[in-house]
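Understanding the architecture of this molecule
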Amino acid sequence: MKRTVDVNIPLGPIHPCFKEPARLKCEAKGERIVGAEVELGYMKKGIERIMKGRPWQEVMFLAERVCGICSVIHNMVFIEAMEQISSIPVPPRAAYLRVIANELDRMQSHLLANFSYCYTIEHETLGMYLLDLREQVMDELERLTGARVTCAYMIPGGVRCDMPRHNAEILSGSLDRIERDLRRYSGMFADGPMIALRSRGVGILTKEAAQRAHAVGPTARASGITTDGRLIHPTYRQLGFVPLSRTDCDNYARVMVRFDEIIQSISLIRKCLQDLPKGVIRGGGVCKGGETRYSGEAPRGELTYFIKSDEYGRIVDIQIQTPSIMNIEACCHEMIIGADSIADVTATFVSADPCIACTER
Amino acid sequence: MTILQQIKNKVRARSIHVAYVDVGSCNGCDIEVLACLAPRYDIEQYGIFVHNNPREADVLLVIGAYTPGWEEKLAMVWEKIPPPKAAVAIGNCPISGCLFNRRESFVDPPVKKHIPIAAEVPGCPPRPTEILLAILSVRDAVFANWEGEHP
């Protein structure tokens, strides 16, 4: 069928609102968007091709650099998959420290996503508040792991370094400060009338559409789907983790779900600090051959590694499934369609928190 | 140095516009550049504005190991920037390819082969303060007395 389109509007690959290069081709009728396609391929490095045939000691650093924003979870999923293959036990203290590092990483990733959204809808004040708060979270991550971004904290059979008691006290003190500020900022976002004009009812992704597009992570949870990879993780089950969800289905809900999850992460870290078991942080073990499929919950959704290794711990085959590809699909084919103006397109695209680097790898 | 040139130097030192282009990194350096905007580092107190628009930029921050998708496109971005201009390579990737520069990968580092690079900031990723320092040193080295050297 022939479609009447007034104008084709390409956005990107270099765009003031996008952190990473992606090209959005929107078909507009007047100001209304009738169709959109995303064009990727600016970041394809071929990490999985490099990984094949290398020992796990090298691949763990490569896995971390699949995505720089959520590097801790890539490290965690790869290491836990190797542990599952080789049946290496994890000491309880190390398991709790892993959760702390992972939740701190989730906090900084969600804060960055919400900063990007506020920056895109031109609410720069709130954006800067959130970016400043993110620096405090980065400080805590650096104090725990020793590096800001690519920290390689987890190793098979444990973690690299322990958390001394005084660091735990500093961490819980900063968590109190971060939570106090965060509640204020999320209140500002929730009550701002101008923010509501740009966010409420924009970029609707209904529950059926989210299921059709296989949306994952906060994007799905904002549409009322309670899916979370942390539910099946043993340490999170010990901590009594319950996933959050919202039913508003719009940009506002996606940002608010992230705010709620940061507060949830803070309470998870507090619980970890409270019952942090004593003991060793490294149990030791040898990586063996085998194959497995292992999933974890990245800040953006479900992350799956399929790994096949040989008897010396070399990676024979590896496949990575990252969450952003499903969310970008949901964004282009469901959320953007029907947007009332071009300005809403960038806001909607950023609200889905797409991560192009891990999509293309 | 003429009085006009002195005025230009003084004004230009406080109005550096920055665009960043990601030619295939892991995002780590990307968010460290974004972190420079944070009130803690406050890139704007030095008169540096991050616009991400090549047509009004002075400094281009190049991040990443140069993937095939950027062939011709990176040079086009570089040509869009009006002179005086400088490119700064952020992170190990544009300098050497970091750990992506292996057999079987698609990248083609260093970026120096494709566009002229004025400064390099090694690190995986470098800290925001180091990125700031590089932009500031480029400002003094490239933009001061530019008209005098290019009549």
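None of these values were measured; they are calculated from a predicted model.

1. Some thoughts on the overall build of chain A
Helix and strand counts for chain A come out as 14 helices and eight strands. Over its C-alpha atoms chain A spans a radius of gyration of 21 Å, differing by no more than 12% from the 21 Å that the globule rule assigns to 361 residues. Expressed along its principal axes, the backbone C-alpha trace of chain A runs to roughly 65 × 45 × 35 Å. Counting only residues that meet the buried cut, chain A has 53% of its 361 residues in that class. Considering only residue pairs separated by 6 or more positions, chain A has 70% of its internal contacts joining residues 24 or more positions apart.

2. Remarks on the sheet that holds strand β8 (residues 315-321) of chain A
Residue and element names in this part refer to chain A. In spatial order, the strands read β6-β7-β8; together these three strands make up an open sheet with antiparallel pairing. In this open sheet, the two edge strands, each paired with only one partner strand, are β6 (290-298) and β8. Along the sheet, successive strands turn relative to each other by an average axial angle of 15 degrees, direction set aside. Across nine bridges, β6 lies against strand β7 (residues 301-309) in antiparallel orientation. Pairing of A298 across the sheet is with G301, part of β7.

3. What to know about the pairing of strand β3 (residues 59-63) of chain B
Residue and element names in this part refer to chain B. Burial of β3 is extensive: five of the five residues sit out of reach of the surface. Neither face of β3 is left uncovered, since the one carrying V59, L61 and I63 and the one carrying L60 and V62 both have all their residues buried. Of the pairings in the sheet, the one linking strand β1 (residues 16-22) to β3 comprises five bridges and is parallel in character. Its bridge partner being in β3, A19 is matched across the sheet by L60.

4. Describing the nonpolar core
Ranked by internal contacts, the top residues of the largest apolar core, which has 168 residues, are A:I336, B:V18, B:L61, B:V62, B:V88 and B:I90. Of all the elements, helix α4 (residues 92-120) of chain A adds the most residues to this core, at 16 residues. The contacts of A:I336, once residues within four sequence positions are left out, are A:C26, A:I33, A:A36, A:C331, A:V345, A:T348 and A:F349.

5. Some words on the interface of chain A and chain B
Listed per partner, the contact involves 30 residues of chain A and 34 residues of chain B. The set of elements that each furnish at least two residues to the side of chain A that touches chain B consists of α1 (47-51), α2 (56-64) and α5 (124-145) of chain A. With four residues, the single largest contributor to the side of chain A that touches chain B is α5(A). Looking at the side of chain A that touches chain B, its residues break down into 17 nonpolar, five polar and eight charged.

6. Digging into the confidence of the model for chain B
Confidence along chain B averages 85 in pLDDT terms, with 99% of residues attaining 70 or more. With a pTM of 0.91, the predicted complex shows an ipTM of 0.87.

7. A few points about the confidence of the model for chain A
For chain A, per-residue confidence averages 87 on the pLDDT scale, and residues scoring 70 or more make up 99% of the total. Looking across chain A, the model is least confident in strand β1 (residues 7-11) of chain A, with a mean pLDDT of 81, and most confident in helix α11 (residues 251-274) of chain A, with 91.

8. Remarks on the environment of A:K308
Residues and elements named next belong to chain A. Secondary-structure assignment places K308 in strand β7. The exposure class of K308 is partly exposed, given the 16 C-beta atoms found within 10 Å. In this view, K308 contacts E291, V316 and D317; residues no more than four positions away in its chain are not counted.

9. Topic: the sheet that holds β1(B)
Residues and elements named next belong to chain B. Strand order in the open sheet formed by five strands is β2-β1-β3-β4-β5, and the pairing between neighbours is parallel. Edge positions in the sheet fall to β2 (48-50) and β5 (119-121), since each of these pairs with one other strand and no more. When the angles between neighbouring strand axes are averaged without regard to direction, this sheet yields 25 degrees.

10. As for the packing of helix α6 (residues 165-191) of chain A against α11(A)
Axes are the key here: two packed helices are described by the angle between their axes and the distance separating the axes. Residue and element names in this part refer to chain A. One way to put it is that α6 packs onto α11 with a least axis distance of 10 Å and a crossing angle of 160 degrees. Relative to α11, the element α6 is oriented roughly antiparallel. Considering only the axes of α6 and α11, their crossing is left-handed. Across the interface between the two elements, A168, L171, S172, L175, I178, E179, L182, S186, F189 and A190 of α6 pack against V255, M256, F259, I262, I263, I266, I269, R270 and L273 of α11. Broken down by class, the residue content of the contact of α6 with α11 amounts to 15 nonpolar, two polar and two charged.

11. Quick notes on the packing of helix α3 (residues 71-86) of chain A against α4(A)
All names here are of chain A. Direction vectors running N to C along α3 and α4 enclose 145 degrees, while the axes themselves pass 8 Å from each other. Contact residues: α3 offers V72, I73 and M76, while α4 offers R98, A101, N102 and D105. Taken together, the residues of the contact of α3 with α4 sort by class into four nonpolar, one polar and two charged.

12. Focus on unusual backbone geometry
All names here are of chain B. The omega torsion of the bond from P83 to P84 falls at 0 degrees, within 30 degrees of zero and hence cis. Residue placement: P84 occurs in the loop between α3 (73-80) and β4 (86-90). The amide bond that connects C124 to the next residue, P125, takes the cis arrangement and shows omega of -10 degrees. Its location among the elements puts P125 in the loop between β5 and α5 (128-143).

Reading the values: rules and limits
- Residues numbered from 1 in each chain as written.
- Chains lettered and ligands numbered in written order.
- Predicted model: local features only at pLDDT ≥ 70, side-chain atom pairs only at ≥ 80, totals over all residues.
- Helix = DSSP H or I, 4+ residues; strand = E, 2+ residues; numbered from the N terminus.
- Rg over C-alpha atoms; globule rule 2.2 N^0.38 Å.
- Buried ≥ 20, exposed ≤ 12 C-beta atoms within 10 Å, placed from the backbone.
- Contact = placed C-beta atoms within 7 Å.
- Pairing = 2+ DSSP bridges.
- Axes fitted to C-alpha atoms, helices over the stretch in contact; angles between N-to-C directions.
- Core = buried A, V, L, I, M, F, W, Y, C linked by C-beta atoms within 7 Å.
- Nonpolar A, V, L, I, M, F, W, Y, C, P; charged D, E, K, R; others polar.
- pLDDT = per-residue confidence, 0-100.
- Parallel < 35°, antiparallel > 145°, perpendicular 65-115°, else oblique.
- Left-handed = near helix turned anticlockwise from the far one by under 90°.

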